[in-house]
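An overview of the molecular structure
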Amino acid sequence: MSSFLTSRNVADVLNGITNGVIYSLVALSLVLVWRSTRILNFAQGAMAMIATYVGFAVLAPTTNYWVSMVVAILAGLLLGGLTERVIVRGLYGKPEINPVVAMVGFLLVLESVAAAIWSTSSRGLPTPFSMVDWQLNHKPVAMSPFALYEIVTAVIVMTVIALLFQYTKLGLRLRAAALAPEVSRLLGVRVGRMLTLGWMLSSAVGAITAVLVASNYFTGLTPTAMDGVFAFGFIAAAIGGLDSPVGALLSGISLGIILQFVGDYLNSNAIILVALGMLVVSLMVRPNGVFTRSAQRRV
Amino acid sequence: MISVTGLSVSYGAVQALRDVSFGAATGEITAVLGANGAGKTTLLRTISGLVAPRAGTVALDETTLTGRRPEDIVRRGVGHVPEGRGVIAEFTVEENLRLGAMISPMPLRDGLDQQYQWFPVLGERRKQAAATLSGGERQMLAMARALIAKPSVLLLDEPSLGLAPLVTAQLMHTVSELCASTGLTVILVEQNAKSALRIASRAVVLYLGRLVADDVAEVVASDDQLRQYYLGMVE
């Protein structure tokens, strides 16, 4: 048993899951915005990075990681709301290229602002849990307390989002506003408010993801720290289906595991190529996403 | 009472409504009739705030509705069942009703029970996705979802569209009963003039955005000229 748990393949699976939940969270934050506003938020990673910088600004005076996490989430909520109200609201109903250009532009602005304020050098952040792998019979298992913390946090975030959407009045309004905005208005739903809330939630999920990424001392926090993670999260969202939160979860984890095997057995330089290849194939075979029903009926 | 006064609506250069005025009395069914493109749907969309008029006002009793947002107008008691029903296909029957009940003064359970009493088939299918319902059942769901909010006025846009004659007759009967038993005011837009005139107290006829008749339903139904030229009812 112990030799199985410490085997190379199991290690790849465990490492893949750890990376995959991060991709899943990024994908989920993209799906939340896409479902409600039909906008691909290319600035998602940069917004999360800014929220994390704000969170870590309070780290020095408080020296409390968890206070930083809460502040980052609050900053994410605020930034998401402001972005929807100030930038995105004017883009609804405009040609599809307009939001793409606006969000890519916003990404560049945020990264430049972060570099100007906090510099481009990496900031190592205190990890709340050890990153040293557990041992089994003096052999390392590819799972550390920090990796478990990442997985548990992702599971909690996804569960909270799922419960919110499925079992609360607010969730019902959020889903209705996304699926049928005009009908929702006729039923008294304040659709504009729901869209803002959707962006706030998405941005908060992004902030939690960025805190997890930045807490890892292998990456740390830089103005571009989320670019790579965003790229894999975006690929996971596109493969899973931009309309499918479950697709975001499953394709993120699957992508993490597959890329881990690619890096281990082929070459780490092949990871991005394989990821892009998977994206191209999935777009050719299932353009609406592997986990999206092919013909969703809207009445 | 709903009062529409001097209502004009334009979509760019196209004038959809021209100086339309009429009243819909409390507890009565007022049929809005006319051919395609007469402006019937635009009239309802303007009353419920989805379309802003170029001129004119809509009032519910003493309250002016013009200029208010649709979500505020529905909170003041004007329910709107849009053309094509607007049922959210991805939601279950009960989720659709729960959404409608959010602005209701009634406890949710009581509201649901009342609607299942009016439309028993919805109770049987409460856990089913709305996408799986037949056209008639979807229409019932759309009506129940509007009614669960306890509106004083119900705007019904082409409820018979795409339905079999028997189903249409059942729906019209239900609307008539609802109106009689609850004092609901109904503005019923219909292309099927015969069905609508059977249950309406009053009827207004629109033609290319203009009001060409506003009278008691029996009078409109017996006016040969109106029937022939504006309603396409040729015997």
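Residue positions are given per chain, counting from 1 as you read along its sequence in written order. Lettering for chains starts from A, numbering for ligands starts from 1, and both go in the order in which the items are written. With the structure being a predicted model, the display of local features is reserved for residues of pLDDT at least 70 and the display and counting of side-chain atom pairs for 80 or more, all residues being used for whole-chain, interface and lining totals.

1. A few points about the overall build of chain B
- From N to C terminus, chain B includes 10 helices and 10 strands.
- Just to be clear, the radius of gyration here is over C-alpha atoms, and the globule rule we use is 2.2 Å times residues to the power 0.38. The globule rule puts the C-alpha radius of gyration for 235 residues at 18 Å, and the 17 Å found for chain B is close to it.
- Referenced to the eigenvectors of the C-alpha coordinate spread, the extents of chain B come out at roughly 45 × 40 × 35 Å.
- Here a residue counts as buried when 20 or more other C-beta atoms sit within 10 Å of its C-beta, as exposed when there are 12 or fewer, and as partly exposed otherwise, the C-beta atoms being derived from the backbone. Counting over 235 residues, chain B shows a buried share of 48%.
- For the purpose of contact definition, each residue receives a C-beta atom placed from its backbone, and two residues are in contact when these atoms lie within 7 Å. Of all intrachain contacts in chain B linking residues separated by at least 6 positions in sequence, the fraction that spans at least 24 positions is 66%. The secondary structure listing takes helices from DSSP runs of H or I that are at least 4 residues long and strands from runs of E that are at least 2 residues long, numbered from the N terminus.

2. Quick word on the nonpolar core
- Counting 161 residues, the largest nonpolar core has Leu28 and Ala207 of chain A together with Ala31 and Leu188 of chain B as the members making the most contacts within it.
- In this structure, Leu28 of chain A is in contact with Met158, Ile161, Val205, Pro245, Ala248 and Leu249 of chain A, ignoring residues within four places of it in sequence. By convention in this section, buried Ala, Val, Leu, Ile, Met, Phe, Trp, Tyr and Cys residues joined through C-beta atoms within 7 Å make up a nonpolar core.

3. Looking at helix α3 (residues 93-101) of chain B
- The element α3 of chain B is extensively covered by neighbouring structure, given that eight of its nine residues are classed as buried.
- Among the residues making up α3 of chain B, those that are buried are Val93, Glu94, Glu95, Asn96, Leu97, Leu99, Gly100 and Ala101 of chain B.
- In this fold, the buried residues of α3 of chain B make contact with α8 (169-179) of chain A together with α4 (108-118), α5 (120-124) and α6 (135-147) of chain B.

4. Some remarks on the sheet that holds strand β6 (residues 78-81) of chain B
Residue and element names in this part refer to chain B.
- For two strands to be treated as a pair, DSSP must find no fewer than two bridges joining them. Taken in spatial order, the six strands make up an open sheet running β6-β7-β8-β3-β9-β10, and their pairing is mixed. Edge positions in the sheet fall to β6 and β10 (210-216), since each of these pairs with one other strand and no more. Between one strand axis and the next, the sheet turns by 15 degrees as a mean value, whatever way the strands run.
- Both strand β7 (residues 153-157) and strand β8 (residues 185-190) contribute to a ladder of five bridges, which runs parallel. By the bridge assignment, Asp157 is partnered in β8 with Val189.
- Lines fitted to the C-alpha atoms define the axes, with helices restricted to the stretch that makes contact. Angles between their N-to-C directions range from 0 to 180 degrees. With respect to the sheet, α6 is in contact with β6 and β7, its orientation differing from that of β6 by roughly 165 degrees.

5. Brief notes about the interface of chain A and chain B
- Listed by partner, the interface residues are 16 residues for chain A and 25 residues for chain B.
- Elements represented by at least two residues in the side of chain A that touches chain B include exactly α8 and α9 (181-186) of chain A.
- Each residue belonging to the side of chain A that touches chain B can be placed in one class, and the counts come to nine nonpolar, one polar and six charged. Charged residues are taken to be Asp, Glu, Lys and Arg, nonpolar residues to be Ala, Val, Leu, Ile, Met, Phe, Trp, Tyr, Cys and Pro, and polar residues to be all remaining types, Gly included.

6. Looking at helix α3 (residues 44-57) of chain A
Residue and element names in this part refer to chain A.
- Residue count minus one, scaled by 1.5 Å, sets the expected span of a helix. Between its first and last C-alpha atoms α3 spans 20 Å; for 14 residues at 1.5 Å apiece the expected length is 20 Å, and the two agree.
- Counting buried positions along α3 yields 12 of 14 residues, so the element is predominantly enclosed.
- For α3, the complete set of buried residues consists of Gln44, Gly45, Ala46, Met47, Ala48, Met49, Ile50, Ala51, Thr52, Tyr53, Gly55 and Phe56.

7. Digging into the pairing of strand β1 (residues 2-11) of chain B
Residue and element names in this part refer to chain B.
- Here β1 runs beside strand β2 (residues 14-24); their pairing, made up of seven bridges, is antiparallel. The residue of β2 that forms the bridge with Ser10 is Gln15.
- Between β1 and the antiparallel strand that follows it, β2, lie two residues; Gly12 among them carries a positive phi value of about 60 degrees.
- Two elements, β1 and strand β4 (residues 55-60), share five bridges in a ladder whose sense is antiparallel. Looking at β4, one finds that Ser3 is bridged to Ala59.

8. Brief notes about the packing of helix α7 (residues 145-167) of chain A against helix α10 (residues 191-215) of chain A
Residues and elements named next belong to chain A.
- It is at 11 Å that the axes of α7 and α10 come closest, and there the two elements cross at 175 degrees. It follows that α7 is roughly antiparallel to α10 by the angle criterion. Facing Glu150, Thr153 and Val157 of α7, the residues of α10 in contact are Val205, Ile208 and Leu212.
- Looking at the contact of α7 with α10 residue by residue, the classes come out as four nonpolar, one polar and one charged. Each angle gets one of four labels, with under 35 degrees taken as roughly parallel, over 145 as roughly antiparallel, 65 to 115 as roughly perpendicular, and the rest as oblique.

9. Comments concerning the pairing of β4 of chain B
- Of the strand pairs in this sheet, β4 of chain B and strand β5 (residues 63-64) of chain B are connected by two bridges, and their pairing is antiparallel. Across the sheet, the residue bridging to Ala59 of chain B is Thr64 of chain B, located in β5 of chain B.

10. Remarks on the sheet that holds β4 of chain B
- In space, the four strands of this open sheet follow the order β2-β1-β4-β5 (chain B), with antiparallel pairing throughout. Since the sheet does not close on itself, it has two edges, and those belong to β2 and β5 of chain B, each with one partner.

11. Focus on unusual backbone geometry
- In this model, Asn137 of chain A sits at a positive phi of 50 degrees, which is unusual for a non-glycine residue.
- Looking at Asn137 of chain A, the number of C-beta atoms within 10 Å reads 10, which means it is exposed.
- A positive phi angle is found at Asp61 of chain B, which is not glycine, with a value near 55 degrees.
- Along the chain, the position of Asp61 of chain B falls in the loop between β4 and β5.
- For Asp61 of chain B, a count of 12 C-beta atoms within 10 Å corresponds to the exposed category.

12. Points about the confidence of the model for chain A
- Here chain A averages 90 in pLDDT, and 96% of its residues register 70 or above.
- Known as pLDDT, the predictor's per-residue confidence is scaled from 0 to 100. Every residue in residues 295-299 of chain A scores below 50 in pLDDT, and together they form nine contacts with partners more than four places removed in sequence or on other chains.

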